[in-house]
Every structure is written in C-alpha cells, then in structure tokens.
Amino acid sequence: MLWEGTHVPSDFSQAIETVEKSFFLANGIPFSRLSQKELEKYKKKRPIKGWRVVIKLQNGDCEIFYLFVDNRFPFSQVHVAMPYLEDRYLDFPHTEENGYLCLRPEKEFIANPVDKFVKAYSEMINLIEANSKGELIEDFMNGFNSYWLRHLDSGMYVISLLDLSANDETAFFYRCWYKKDKINIIASKDIDIINFLKRTKGKNYQFEKYIVSIIDIIDNFYPRQYPQTGSDLFNLLKERLTSKKFLSVCKVINSAKKNEKYFLCKVHTKNGIALAGFQLIENTIRAFNAKAFYKNRGFRPYTISPLLLHRHKLKKINIERADFSWVYGRDSNPSALILKNKRVCIIGLGSVGSYVANSLAQAGVGELLLIDKEVLNYENVSRHYLGTDDVGKYKAEALANKMTAQYPFVSIKPKVNDFRDCFSIMKEYDLILSLIGEFSLQMSINNEFIKDKEFPDVLYGFLEERACVGHAILTKKGMGCFNCFFENGKFKYYISKVVKSNLVSLPSCGATFMPYGINEMLYSCSLISDIALSSLLGSIRTTSHKVFVCAKEIFESAQAVLDNRSVDYNGIFDLQVPCGCQCCKEVNKCIK
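Basis of the calculations
- Residues numbered from 1 in each chain as written.
- Predicted model: local features only at pLDDT ≥ 70, side-chain atom pairs only at ≥ 80, totals over all residues.
- Heavy atoms only, no water.
- Helix = DSSP H or I, 4+ residues; strand = E, 2+ residues; numbered from the N terminus.
- Rg over C-alpha atoms; globule rule 2.2 N^0.38 Å.
- Buried < 20%, exposed > 50% of the residue type's maximum accessible area, 1.4 Å probe, protein only.
- Contact = heavy atoms within 4.5 Å.
- Areas by Shrake-Rupley, 256 points an atom, 1.4 Å probe, with all protein chains shown as cover.
- Lys, Arg positive; Asp, Glu negative; His and termini not counted.
- Charge placed at Lys NZ, Arg CZ, Asp CG, Glu CD.
- 1 Å grid on protein atoms, 1.4 Å probe; cavity = no way out; pocket = protein on both sides within 12 Å on 5 of 7 lines; lining within 4 Å.
- Points joined across faces, edges and corners; volume = space filled by probe spheres on them.
- Nonpolar A, V, L, I, M, F, W, Y, C, P; charged D, E, K, R; others polar.
- Pairing = 2+ DSSP bridges.
- Right-handed = clockwise from strand over helix to strand, strands pointing away.
- Patch = residues over 30% accessible without salt bridge, like charges linked within 9 Å, V, L, I, M, F, W, Y side chains within 5 Å.
- Salt bridge = Lys/Arg side-chain N within 4 Å of Asp/Glu carboxyl O.
- Axes fitted to C-alpha atoms, helices over the stretch in contact; angles between N-to-C directions.

### A closer look at the overall build of the chain
From N to C terminus, the chain includes 18 helices and 26 strands. Taken against the 2.2 N^0.38 rule, which gives 25 Å for 592 residues, the C-alpha radius of gyration of the chain at 32 Å runs more than 25% over that of a compact globule. Each of the three principal axes of the chain carries a C-alpha extent, and together these read 90 × 75 × 45 Å. Across the 592 residues that make up the chain, the buried fraction comes to 48%. Partitioning the contacts of the chain with sequence separation of at least 6, the portion at a separation of at least 24 is 65%. A total accessible area of about 30,400 Å² is found for the chain, and carbon and sulfur atoms account for 49% of it. Each charge sign in the chain was given a centre, from 79 positive and 66 negative side chains, and these centres are 6 Å apart.

Structure follows, in structure tokens:
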C-alpha cells in the first residue's frame, strides 16, 4: 500500500531496479521483498519498498535485516531495521522500539542509489557489531535527552530557569496560571519566574510553588536504570547519594505536599548537563490506614520515607532548559557570561539602530538603554525592525517592549528623550552606540567624550548614500576622537562617490529621503553589531575604523563609484585611523 498523499517520482522504479541488480545481485547478497504488512510496522518512515536480507556477522551469528526506502528515494536516505532488536532497544543505543536503526544522516548528498545502499549496509553492520561488543553503551549517556524523551509517561511539560552552575540542592516547582493559560516552571527564586513571565507573556501570573530536590547523576544512567516506581527511585537515590545527601532528600520529600513531590536529576554527560524530572504520586486506596500500616511494621507513624512504598506511582517529566547559559550558547559560549554583565546605551533607533539593538539583545548583552524621541511612522516600516502594529508608538518604547518579550534575560530600558539630556546617565554604561546618522548631532556626543574622562567609549555607525557603504568608527579614550576623522568640518573617509544624487524630496518643508533596500543596510548593521560586541569582549583595544562595501551591482544601481583605492567591492575593510586632532590633543593634555 502507498501511504495517503504519497507520490512516487518517475525515477523511483528505475532506482529500485538499479539497486536490486547492481547492489544485491552484483554483490551476491540474497534478498526477498518485504510484504506490505511487514512495512506497516515502520509506517512513520512512510516505506513503500523494502527487502529482507540475512547477513553473517564477524562473531559467526546470522542476523536478519530489513532495508527499505520511502517515496522520495533516491533523494532520501536508506532506512534499516533489525526485527530481533524489538525487545533489546533498552540495551542497544541508536535503536528504536520496533528495531529501527538510527543511522547517521548523509553529510553530503549521495546521488547514486547504489552508493546509498553501500553506505547504509556498511554502517548498519558496524553499528550492530559495535553494540554487540558493548562499545556504544556510553552513547546512552551522551545522547541522554533523546532516550529520556522516548520513555516519558507523563504529559507534563516544564521549563527550567535554573542556573545549573550554582549547585543548588533544592529549587521550586511553580504552577503558574493567568485565566486559562497555564505553564509549569522550575526556578530557584520567585523573582526569576515573575520577570520571565512578565517579559515573555506581558501578564502578571498567579502561582503556587512546591519544593524540588536536585540530584546530581554523574555516570551510568542508562534506559534500563530509569526508575519506574517509587521504590526504584528510592533505591537509585540510596545507591548514588551520600548518606547525608540521601537523608536530606528524604526529609525534603517527606515535608512536601501530597502528590506535589518532585525530583530534578542533573545528568552529567560528556556533551553537557541534561535534565530529568520525576513526580511521585500516591495511589488513593480507601481502606489504607497509614498509621496502622507504619505501626504494624515497627515504624513510628509518618517517619519512614514514602519512597519505600512500591504502590507509589512515579511519573517522568519532560523538562526543557530555558536558562541563560543554555539559551545563549548551550553551555558552550564563554563570551555570553561576559556580555551578560555588560551595559550598552544606543542613541538613535532608526533603521540601523533598531536592527543593531536587536542583534545585541540576541547576543545576550545584559542591559540596553534605548534613547530615541521619535515616533514610528508607516514610511519607516519597510526597513525598520518594528512593523505596522507599532506605528504611532515611540520607537524606544515599542522596541523595548518587543525585545523584552523575545529576550527575557536582557534588561531593556527605553528613554523618550533628547539624548543630550541623558549624558549623565550614559556614564554608567560600558559602551555608547551613536547611530543617529547626522554628523552635527554626533559631534555633540564626541564633545562629551573628549571633555569628560568618565564618559565611556563611543561607537559611531552610519551609512553613505544609498547604503552602498557602512561605517563603524570606535573611539577609545586617549586614542583620538570622532572629530579626528574630519577636516574643516567635512568627513575625510567617504568610500563612494555619487555621480548623480539620489536624495528624494518629500512633500514637506526640507524633507528628503535616501532610497535604499533592507538587504544593503543589513550588511552594515551586522558590521556595527560585530564591532560593538568585539569591544565589549575586549577584542578591540584601540580606536578603529571599519567599513562594509557593497557589491558592484549595488553601486551601479545607485549611480555611484568607488572613490577610495584602499578598498574593493563586496567586503569589510580596515581604514587608517588618524593620529588625532587639535581638539582631542588639547583635552588630553589638560586631563594629564
């Protein structure tokens, strides 16, 4: 049978004929075709053709393999299964309950259908022989999440905000709700979930919290060892924990509310920390007398851990990490921890500023101050990070609200002010980004930079006409200033020369518009964001000037040409940094 909606390409039959003739028969591999009933067992893979082969392994055993393909073959991978593995998937990594073998996906597309079968055939033999020798047993740990998710017996989904480097022994399980919306979260403090929900959902959720015991599992936690009952969990804890830690866990669980007893296992693998959750559920038995049960067995009432009771159910919980370290680099990005403690002020949230702000938030910069007094209009939308749903709102406030929901770990503060009224606040930040685009306004920032020794470094970003070229000028204390790049009030480092001006006059007094597309602009936004992050991470220690130059086609459409021999089309280039101007030299002398 063909699965519903299945389409067999015209070259499918030819590919099958080639495989049977040039792979099976040419290599002397006896085969028989699988029946539709046998293929139905693997219907999730949508097989439409399959073969049964018997292969003799190195240890002398003869094993049955199924090889089958779906309707996309030869443009899809060959599937392999071993029927006898149906009962041993708990012992063999990279196998599923129905004996299906999880082969590695093709790194490069293999066009020849026979080559596809050669690869699959070779890989399945290697996989089975390695599993038979126990060589892949550690893959259960290294791929823990994949195996754990297959053994869940609870529909509960939980988000974890825990900082796993803190080594806390307990945390809290929060049941949160707002009207009909419900969400489960594990966190160490109330403020963590309050901020997370307020920023991502924009609502003040109510919640109840219950204590959670956190347990570290260092090694050897395979599918057959996953606890199924309260007794299994009790035995696991007693085996893996020190006596002191074990008694501490029992005390916490005994004090927990009935049916709100939770465990969180931090499973340490070679590929990082994975999380496994458990909920202990007491069966309801009408005739069960707890006091009599404990007393008749020599225990004082309620002193024995309920984990000893086999009749307790144990539910496995799906826990998804959403903590800072995981979101920003999956525990493998040391730069994220540096950026988390950095503060950046962005002046000007137009087309360039809005995208740069989003890039810094997405990179994990800890705090952003957004300064812009303008309102978003419809004509801004085509090349702004905000859309029509924010028209009529202040750019700073709308952008802060949108990015706060997207990046809840970043503190984003809007300022609907003239930036010149915020100079005192700016001194509290690590870096200032001036993305205004008007040199006269940027000079007022430069003036503050050169006269106030506490003023932070400033990164100036702007575009040349038609966005053919984007500039990123980073000024460092004692190493020149923005004015150094000017001569007699004129910028000295233009890259493009416009043959015919493209500025469009608008039906308003003195209003003009520089036409350019979003794609040209985004290259320069990426450059400015990269320089900002490099400066925050300490990679750039001196005043620098980088430019992005668009492709030649962009210049031609803008009726512009290159006017600087030190650069070429389509690339990022370092430009010479001037030694200094009279203004900053005199100020530096005074400071010294």
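### Brief notes about the layout of surface pockets
Approximately 1,500 Å³ is the volume found for the largest pocket. In terms of lining, the largest pocket is formed by 41 residues, of which the most central are Gly350, Lys395, Ile436, Gly437 and Glu438. Only helix H12 (351-363), helix H15 (439-451), strand E17 (457-463) and strand E23 (512-513) provide two or more residues apiece to the lining of the largest pocket. Taken together, the residues that form the lining of the largest pocket break down as 19 nonpolar, 11 polar and 11 charged. The volume enclosed by the second largest pocket comes to roughly 650 Å³. Considering the residues around the second largest pocket, the lining is formed by 29 residues, among which Leu161, Asp163, Phe324, Lys340 and Phe409 are closest to the centre. Secondary-structure elements contributing two or more residues to the lining of the second largest pocket are helix H6 (190-201), helix H10 (324-327) and helix H11 (334-340). Sorting elements by how many residues they give to the lining of the second largest pocket places H6 first, with 5 residues. By residue class, the composition of the lining of the second largest pocket is 14 nonpolar, 6 polar and 9 charged.

### Some remarks on the pairing of strand E6 (residues 157-160)
Pairing of E6 with strand E12 (residues 313-321), which is carried by 4 bridges, proceeds in the parallel orientation. Bridge pairing in E12 places Val158 opposite Ile319. Note: E6 against strand E8 (residues 181-187), 3 bridges, orientation parallel. Among the inter-strand pairings, Ser160 is bridged to a residue of E8, identified as Ile186.

### Some points on the pairing of strand E14 (residues 367-371)
Along E14, 5 of the 5 residues are buried, which leaves the element largely enclosed by surrounding structure. By the alternation rule, side chains of E14 split into Glu367, Leu369 and Ile371 and Leu368 and Leu370, which are all buried. As judged from the 5 bridges shared by strand E13 (residues 343-347) and E14, these two strands associate in the parallel manner. Looking at E14, one finds that Arg343 is bridged to Glu367. Between E13 and its parallel partner E14, the chain crosses via H12, and the hand of that crossover is right-handed. In this structure, E14 lies alongside strand E15 (residues 411-415), joined through 5 bridges in parallel fashion. When the sheet's bridge partners are listed, Leu369 is paired in E15 with Lys413. Handedness of the crossover is the feature at issue here: the chain leaves E14, passes through helix H13 (residues 395-406), returns alongside E15, and the resulting connection is right-handed.

### Re a nonpolar patch on the surface
Judged by side-chain polarity, Val504, Leu506 and Phe513 come together as a nonpolar surface patch covering roughly 210 Å² of accessible area. Secondary-structure assignment places Phe513 in strand E23. On the basis of relative accessibility, which here comes to 31%, the residue Phe513 falls in the partly exposed class.

### Brief notes about the pattern of salt bridges
Under the counting rule described, the total for this entry stands at 25 salt bridges. Between Arg72 and Asp70 there is a salt bridge, with its nearest N and O atoms 3.3 Å apart. With a shortest N-O distance of 3.3 Å, Glu260 and Arg175 are connected by a salt bridge. Residue Glu260 is located in the loop between helix H8 (243-255) and strand E10 (261-269), and its partner Arg175 is located in strand E7 (residues 170-178); the two are separated by 85 residues in the primary sequence. Given the relative accessible area of 11%, Glu260 is considered buried. If you follow the salt bridges from partner to partner, you end up with Arg104, Lys119 and Glu123 in one network.

### Here's the deal with helix H7 (residues 230-240)
For H7, the complete set of buried residues consists of Gly230, Ser231, Leu233, Phe234, Leu236 and Leu237. On its buried face, H7 sits against strand E9 (206-217), H8, E10, strand E11 (272-281) and E12.

### Points about the sheet that holds strand E18 (residues 469-475)
Across the sheet, which stays open at both edges, the 8 strands sit in the order E15-E14-E13-E16-E17-E18-E24-E26 with mixed pairing between neighbours. A single partner strand is all that each edge strand has here, and the edge strands are E15 and strand E26 (571-574). Averaged over all neighbouring strand pairs, the angle between strand axes comes to 15°, with direction disregarded. Summarising the sheet, E13 and strand E16 (residues 431-434) pair through 4 bridges and their orientation is parallel.

Functional significance is not addressed by these values, which are geometric in nature.
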